[in-house]
Amino acid sequence: MTQPALVDIHCHLVPDVDDGARSLDDAIAYLESFREAGIGTVVTTPHLAASRTAGPWRDAIDDGFRQLVERATSDCPEVELSCSFEIHLDDPDADLSDRSLGLGVGDALLVEFPMLLLPAYPDTMLDVVRRQEWKPVLAHPERYAGLERAYGWVERWREAGTLMCINAGSLWGEYGSEAERLSRRMLAAGHVDLIASDHHARPQRATTVRQAWDLLTEAGFEEQARLLLAENPGAVVEGRATQQVAPCEISESWVGRLRRLVRGG
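We now turn to the structure provided with this report. Residue positions are given per chain, counted from 1 along the sequence in the order it is written. The predicted nature of this model means local features are confined to residues of pLDDT at least 70 and side-chain atom pairs, given and counted, to a pLDDT of 80 or more, with totals for whole chains, interfaces and linings taken over all residues. Excluding hydrogens and water, the side-chain figures rest on all heavy atoms present in the structure.

**What to know about the overall build of the protein**
The number of helices and strands found in the protein is 8 helices and 9 strands. With C-alpha atoms as the basis for the radius of gyration, the globule rule is written as 2.2 Å multiplied by the number of residues raised to the power 0.38. Its C-alpha atoms give the protein a radius of gyration of 17 Å, near enough to 18 Å, the size a compact globule of 265 residues would have. In terms of overall dimensions, the protein has C-alpha extents of about 50 × 45 × 30 Å along its principal axes. Residue burial in the protein is summarised as follows: out of 265 residues, 54% are buried. Contact definition: two residues touch when any of their heavy atoms are within 4.5 Å. By sequence separation, contacts in the protein at least 24 residues apart represent 76% of the contacts at least 6 residues apart. Calculation of accessible area relied on Shrake-Rupley with a 1.4 Å probe; when residues are assessed, cover is drawn exclusively from the protein chains displayed. Of the roughly 11100 Å² that the protein leaves accessible, carbon and sulfur atoms contribute 49%. Here the protein holds 26 positive side-chain charges and 43 negative ones, and the gap between their average locations is 5 Å. Under the scheme used here, helices are H or I runs from DSSP no shorter than 4 residues and strands are E runs no shorter than 2 residues, and both carry numbers assigned from the N terminus. Throughout, exposure labels follow a simple rule: accessible area from a 1.4 Å probe, protein chains only, divided by the maximum for the residue type, with under 20% read as buried, over 50% as exposed, and the rest as partly exposed. The charged-residue count follows a simple rule in which Lys and Arg add positive charge and Asp and Glu add negative charge, with His and chain termini not counted at all. Note on charges: their place is set at NZ of Lys, CZ of Arg, CG of Asp or CD of Glu.

Below, the structure written as C-alpha coordinates:
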(Lines give C-alpha, C1' and ligand atoms only; values in the text may rest on other atoms or scores of the structure.)
Protein backbone atom coordinates (compact mmCIF):
# COMPACT_ATOMS: atom_id res chain seq x y z
CA MET A 1 0.00 0.00 0.00
CA THR A 2 1.22 3.47 -0.87
CA GLN A 3 1.65 5.51 2.29
CA PRO A 4 -1.01 8.23 2.57
CA ALA A 5 -0.19 11.59 4.13
CA LEU A 6 -0.13 10.70 7.82
CA VAL A 7 -1.80 12.79 10.53
CA ASP A 8 -0.38 13.30 14.02
CA ILE A 9 -2.85 14.77 16.53
CA HIS A 10 -0.70 14.62 19.68
CA CYS A 11 2.79 16.12 19.94
CA HIS A 12 4.61 18.88 21.77
CA LEU A 13 6.29 21.21 19.29
CA VAL A 14 5.33 24.63 20.66
CA PRO A 15 8.68 25.84 22.01
CA ASP A 16 9.46 26.59 25.64
CA VAL A 17 5.99 26.13 27.13
CA ASP A 18 6.12 22.62 28.61
CA ASP A 19 8.39 19.57 28.50
CA GLY A 20 8.39 19.57 24.70
CA ALA A 21 10.52 21.59 22.28
CA ARG A 22 13.16 23.64 24.08
CA SER A 23 13.56 26.19 21.31
CA LEU A 24 12.02 27.37 18.07
CA ASP A 25 14.97 25.97 16.12
CA ASP A 26 14.45 22.53 17.70
CA ALA A 27 10.74 22.61 16.89
CA ILE A 28 11.38 23.46 13.24
CA ALA A 29 14.06 20.79 12.91
CA TYR A 30 11.69 18.12 14.18
CA LEU A 31 8.83 19.43 12.06
CA GLU A 32 11.07 19.06 9.01
CA SER A 33 11.71 15.45 10.05
CA PHE A 34 7.94 14.95 10.14
CA ARG A 35 7.69 16.22 6.57
CA GLU A 36 10.45 13.88 5.43
CA ALA A 37 8.57 10.97 7.05
CA GLY A 38 5.43 11.73 5.03
CA ILE A 39 3.42 13.33 7.83
CA GLY A 40 1.19 15.95 6.20
CA THR A 41 -0.90 17.24 9.10
CA VAL A 42 0.36 17.98 12.61
CA VAL A 43 -1.68 19.16 15.58
CA THR A 44 0.68 20.27 18.31
CA THR A 45 -0.87 19.78 21.74
CA PRO A 46 0.93 21.50 24.63
CA HIS A 47 -0.14 20.57 28.14
CA LEU A 48 -2.92 22.71 29.57
CA ALA A 49 -4.66 22.16 32.90
CA ALA A 50 -8.45 22.16 32.75
CA SER A 51 -8.38 24.57 35.70
CA ARG A 52 -6.24 27.07 33.73
CA THR A 53 -7.67 27.29 30.23
CA ALA A 54 -7.35 31.10 30.33
CA GLY A 55 -4.64 33.33 31.72
CA PRO A 56 -0.85 33.77 31.42
CA TRP A 57 -0.08 30.10 30.73
CA ARG A 58 -2.53 29.95 27.84
CA ASP A 59 -1.26 33.30 26.55
CA ALA A 60 2.31 31.99 26.49
CA ILE A 61 1.21 28.94 24.49
CA ASP A 62 -0.66 31.07 21.96
CA ASP A 63 2.37 33.34 21.55
CA GLY A 64 4.72 30.39 21.12
CA PHE A 65 2.48 28.84 18.51
CA ARG A 66 2.34 32.09 16.53
CA GLN A 67 6.14 32.10 16.40
CA LEU A 68 6.17 28.47 15.30
CA VAL A 69 3.68 29.11 12.50
CA GLU A 70 5.64 32.12 11.29
CA ARG A 71 8.81 30.05 10.90
CA ALA A 72 7.03 26.96 9.61
CA THR A 73 5.30 28.94 6.88
CA SER A 74 8.67 29.68 5.30
CA ASP A 75 10.74 26.66 6.40
CA CYS A 76 8.22 23.81 6.21
CA PRO A 77 5.15 24.94 4.23
CA GLU A 78 4.25 21.40 3.13
CA VAL A 79 3.02 20.46 6.62
CA GLU A 80 -0.42 21.65 7.70
CA LEU A 81 0.12 22.84 11.27
CA SER A 82 -2.44 23.68 13.93
CA CYS A 83 -2.54 23.99 17.70
CA SER A 84 -4.81 22.32 20.21
CA PHE A 85 -4.10 21.18 23.77
CA GLU A 86 -3.63 18.09 25.89
CA ILE A 87 -6.13 18.93 28.61
CA HIS A 88 -5.09 17.72 32.05
CA LEU A 89 -8.33 16.81 33.85
CA ASP A 90 -7.46 18.27 37.24
CA ASP A 91 -10.79 19.93 38.11
CA PRO A 92 -14.25 18.28 38.06
CA ASP A 93 -15.83 21.74 37.79
CA ALA A 94 -13.57 22.96 34.98
CA ASP A 95 -14.99 25.36 32.42
CA LEU A 96 -14.22 23.88 29.00
CA SER A 97 -16.62 26.09 27.06
CA ASP A 98 -13.87 27.69 24.95
CA ARG A 99 -14.32 25.93 21.60
CA SER A 100 -10.80 26.82 20.49
CA LEU A 101 -9.53 24.11 22.86
CA GLY A 102 -10.59 21.34 20.50
CA LEU A 103 -8.76 19.26 17.92
CA GLY A 104 -9.47 20.99 14.63
CA VAL A 105 -12.94 22.18 13.65
CA GLY A 106 -15.02 19.42 15.23
CA ASP A 107 -16.05 18.54 18.77
CA ALA A 108 -13.08 16.36 19.78
CA LEU A 109 -11.01 17.27 22.84
CA LEU A 110 -7.72 15.59 23.72
CA VAL A 111 -7.65 14.82 27.45
CA GLU A 112 -5.44 13.02 29.95
CA PHE A 113 -5.89 11.79 33.51
CA PRO A 114 -3.64 13.28 36.25
CA MET A 115 -0.39 11.64 37.31
CA LEU A 116 -0.68 8.83 34.71
CA LEU A 117 -2.96 6.99 37.13
CA LEU A 118 -6.38 5.46 36.65
CA PRO A 119 -8.68 7.78 38.64
CA ALA A 120 -11.02 6.45 41.30
CA TYR A 121 -13.98 7.57 39.18
CA PRO A 122 -12.73 7.68 35.58
CA ASP A 123 -16.21 7.71 34.06
CA THR A 124 -17.04 10.83 36.08
CA MET A 125 -13.92 12.60 34.81
CA LEU A 126 -14.90 11.97 31.19
CA ASP A 127 -18.54 12.91 31.87
CA VAL A 128 -17.29 16.41 32.73
CA VAL A 129 -15.97 16.64 29.18
CA ARG A 130 -19.08 15.17 27.53
CA ARG A 131 -21.46 17.42 29.46
CA GLN A 132 -19.75 20.39 27.84
CA GLU A 133 -20.49 18.95 24.39
CA TRP A 134 -17.04 17.57 23.67
CA LYS A 135 -16.16 14.11 22.37
CA PRO A 136 -13.26 12.97 24.57
CA VAL A 137 -10.13 11.66 22.91
CA LEU A 138 -8.23 9.92 25.70
CA ALA A 139 -4.47 10.34 25.34
CA HIS A 140 -2.26 7.28 25.93
CA PRO A 141 -4.76 5.10 27.85
CA GLU A 142 -2.19 2.30 27.86
CA ARG A 143 0.07 4.35 30.14
CA TYR A 144 -2.37 4.73 33.08
CA ALA A 145 -1.19 2.60 35.96
CA GLY A 146 -3.88 0.13 37.02
CA LEU A 147 -5.77 -0.04 33.73
CA GLU A 148 -4.30 -3.39 32.75
CA ARG A 149 -6.01 -4.93 35.79
CA ALA A 150 -9.23 -3.02 35.15
CA TYR A 151 -9.43 -3.39 31.37
CA GLY A 152 -13.22 -3.27 31.36
CA TRP A 153 -12.96 0.51 31.59
CA VAL A 154 -11.63 0.65 28.03
CA GLU A 155 -14.80 -0.98 26.72
CA ARG A 156 -17.03 1.23 28.88
CA TRP A 157 -15.30 4.42 27.75
CA ARG A 158 -15.60 3.49 24.09
CA GLU A 159 -19.25 2.51 24.49
CA ALA A 160 -19.86 6.00 25.95
CA GLY A 161 -18.23 7.62 22.92
CA THR A 162 -14.64 8.22 24.03
CA LEU A 163 -11.95 7.65 21.39
CA MET A 164 -8.80 5.78 22.40
CA CYS A 165 -5.54 7.35 21.16
CA ILE A 166 -2.47 5.28 22.01
CA ASN A 167 1.15 6.40 21.70
CA ALA A 168 3.10 4.87 18.82
CA GLY A 169 6.11 4.17 21.02
CA SER A 170 4.08 2.08 23.43
CA LEU A 171 3.90 -0.66 20.78
CA TRP A 172 7.63 -1.39 21.11
CA GLY A 173 8.17 -0.65 24.79
CA GLU A 174 9.12 3.02 24.86
CA TYR A 175 7.05 3.48 28.04
CA GLY A 176 7.74 0.15 29.69
CA SER A 177 6.42 -3.39 29.51
CA GLU A 178 2.96 -2.71 30.95
CA ALA A 179 2.17 0.01 28.39
CA GLU A 180 3.50 -2.26 25.64
CA ARG A 181 1.30 -5.17 26.70
CA LEU A 182 -1.77 -3.01 27.07
CA SER A 183 -1.36 -1.16 23.76
CA ARG A 184 -0.99 -4.42 21.88
CA ARG A 185 -3.92 -5.94 23.77
CA MET A 186 -6.08 -2.97 22.77
CA LEU A 187 -5.07 -3.33 19.12
CA ALA A 188 -5.78 -7.06 19.17
CA ALA A 189 -9.25 -6.37 20.60
CA GLY A 190 -10.07 -3.62 18.08
CA HIS A 191 -10.21 -1.04 20.88
CA VAL A 192 -7.83 1.54 19.39
CA ASP A 193 -9.23 4.41 17.33
CA LEU A 194 -6.12 6.51 16.76
CA ILE A 195 -2.34 6.33 17.06
CA ALA A 196 -0.32 9.50 17.70
CA SER A 197 3.33 10.18 18.45
CA ASP A 198 3.31 12.16 21.72
CA HIS A 199 6.56 13.50 20.24
CA HIS A 200 8.36 15.87 22.63
CA ALA A 201 10.97 17.32 20.26
CA ARG A 202 13.79 15.83 22.31
CA PRO A 203 16.10 12.96 21.32
CA GLN A 204 14.69 10.58 23.94
CA ARG A 205 11.09 11.40 22.96
CA ALA A 206 11.25 11.58 19.17
CA THR A 207 9.06 8.70 18.02
CA THR A 208 6.97 9.48 14.94
CA VAL A 209 3.74 8.03 13.60
CA ARG A 210 5.72 6.91 10.54
CA GLN A 211 7.38 4.25 12.70
CA ALA A 212 3.96 2.91 13.67
CA TRP A 213 2.98 2.92 9.99
CA ASP A 214 6.06 0.85 9.15
CA LEU A 215 5.38 -1.63 11.95
CA LEU A 216 1.73 -2.19 11.05
CA THR A 217 2.14 -2.37 7.29
CA GLU A 218 5.13 -4.70 7.44
CA ALA A 219 3.10 -6.94 9.75
CA GLY A 220 0.35 -7.08 7.12
CA PHE A 221 -2.15 -4.64 8.67
CA GLU A 222 -2.24 -2.03 5.91
CA GLU A 223 -5.92 -1.14 6.26
CA GLN A 224 -5.68 -0.75 10.03
CA ALA A 225 -2.60 1.44 9.59
CA ARG A 226 -4.45 3.67 7.13
CA LEU A 227 -7.37 4.12 9.53
CA LEU A 228 -5.32 4.59 12.69
CA LEU A 229 -2.69 6.94 11.27
CA ALA A 230 -4.39 8.83 8.44
CA GLU A 231 -8.14 8.45 8.04
CA ASN A 232 -9.34 8.55 11.65
CA PRO A 233 -7.03 11.32 12.91
CA GLY A 234 -7.88 13.29 9.78
CA ALA A 235 -11.57 12.79 10.51
CA VAL A 236 -11.10 14.05 14.07
CA VAL A 237 -9.39 17.22 12.83
CA GLU A 238 -12.04 17.82 10.17
CA GLY A 239 -15.01 17.09 12.43
CA ARG A 240 -16.05 13.86 10.69
CA ALA A 241 -16.99 10.51 12.19
CA THR A 242 -14.20 7.99 12.72
CA GLN A 243 -14.33 4.42 11.47
CA GLN A 244 -14.13 1.22 13.47
CA VAL A 245 -10.69 -0.39 13.19
CA ALA A 246 -10.50 -4.15 12.83
CA PRO A 247 -8.42 -6.08 15.37
CA CYS A 248 -4.75 -6.61 14.59
CA GLU A 249 -2.47 -8.82 16.61
CA ILE A 250 1.18 -7.96 16.08
CA SER A 251 3.67 -10.78 16.51
CA GLU A 252 6.65 -10.36 18.81
CA SER A 253 9.01 -10.85 15.87
CA TRP A 254 7.74 -7.71 14.15
CA VAL A 255 7.90 -5.69 17.35
CA GLY A 256 11.42 -6.92 18.04
CA ARG A 257 12.51 -5.93 14.55
CA LEU A 258 11.25 -2.39 14.96
CA ARG A 259 12.66 -2.16 18.48
CA ARG A 260 16.10 -2.95 17.10
CA LEU A 261 15.72 -0.34 14.37
CA VAL A 262 14.58 2.34 16.85
CA ARG A 263 17.52 1.61 19.14
CA GLY A 264 19.97 1.60 16.27
CA GLY A 265 20.75 -2.10 16.56
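More follows now that the structure is in view.
**As for the pattern of salt bridges**
Salt bridges are counted wherever a side-chain nitrogen of Lys or Arg sits within 4 Å of a carboxyl oxygen of Asp or Glu. This model, assessed by the stated rule, comprises 18 salt bridges. The partner of R58 in a salt bridge is D62, and the shortest N-O contact between them spans 3.3 Å. In this pair, R58 and D62 both sit in helix α2 (residues 56-75), 4 residues apart, roughly one turn of the helix. Accessibility expressed as a relative area gives 9% for R58, which makes it buried.

**Some points on the sheet that holds strand β6 (residues 108-112)**
DSSP-based pairing: two strands are paired if at least 2 bridges between them are found. With respect to topology, 6 strands assemble into an open sheet ordered β3-β5-β6-β7-β8-β9, the strand pairing being parallel. Taken across any chain shown, the strands that pair with only one partner, and hence form the sheet edges, are β3 (47-49) and β9 (194-196). Each strand axis lies, on average, 35 degrees off the axis of its neighbour in the sheet, ignoring direction. Looking at chain direction, β6 and strand β7 (residues 135-139) are connected through 4 bridges and run parallel. Considered in β7, the bridge of L109 is made with P136. To define axes, lines are fitted to C-alpha atoms, for helices over the stretch in contact only, and angles between the resulting N-to-C directions are given on a 0 to 180 degree scale.

**A short note on the pairing of strand β2 (residues 39-44)**
Along β2, 6 of the 6 residues are buried, which leaves the element largely enclosed by surrounding structure. Judged from the 4 bridges that link them, strand β1 (residues 6-11) and β2 form a sheet pairing that is parallel. The residue bridging D8 from the neighbouring strand is V42, located in β2. By convention a crossover is right-handed if, when the strands point away from the viewer, the path from the first strand over the helix to the second runs clockwise. Between the parallel pair β1 and β2, the chain is carried across by helix α1 (residues 24-36), and the sense of this crossover is right-handed. The sheet contact formed by β2 and strand β4 (residues 80-83) spans 4 bridges and is parallel. When the sheet's bridge partners are listed, T41 is paired in β4 with E80.

This is a description of form; function is not addressed.
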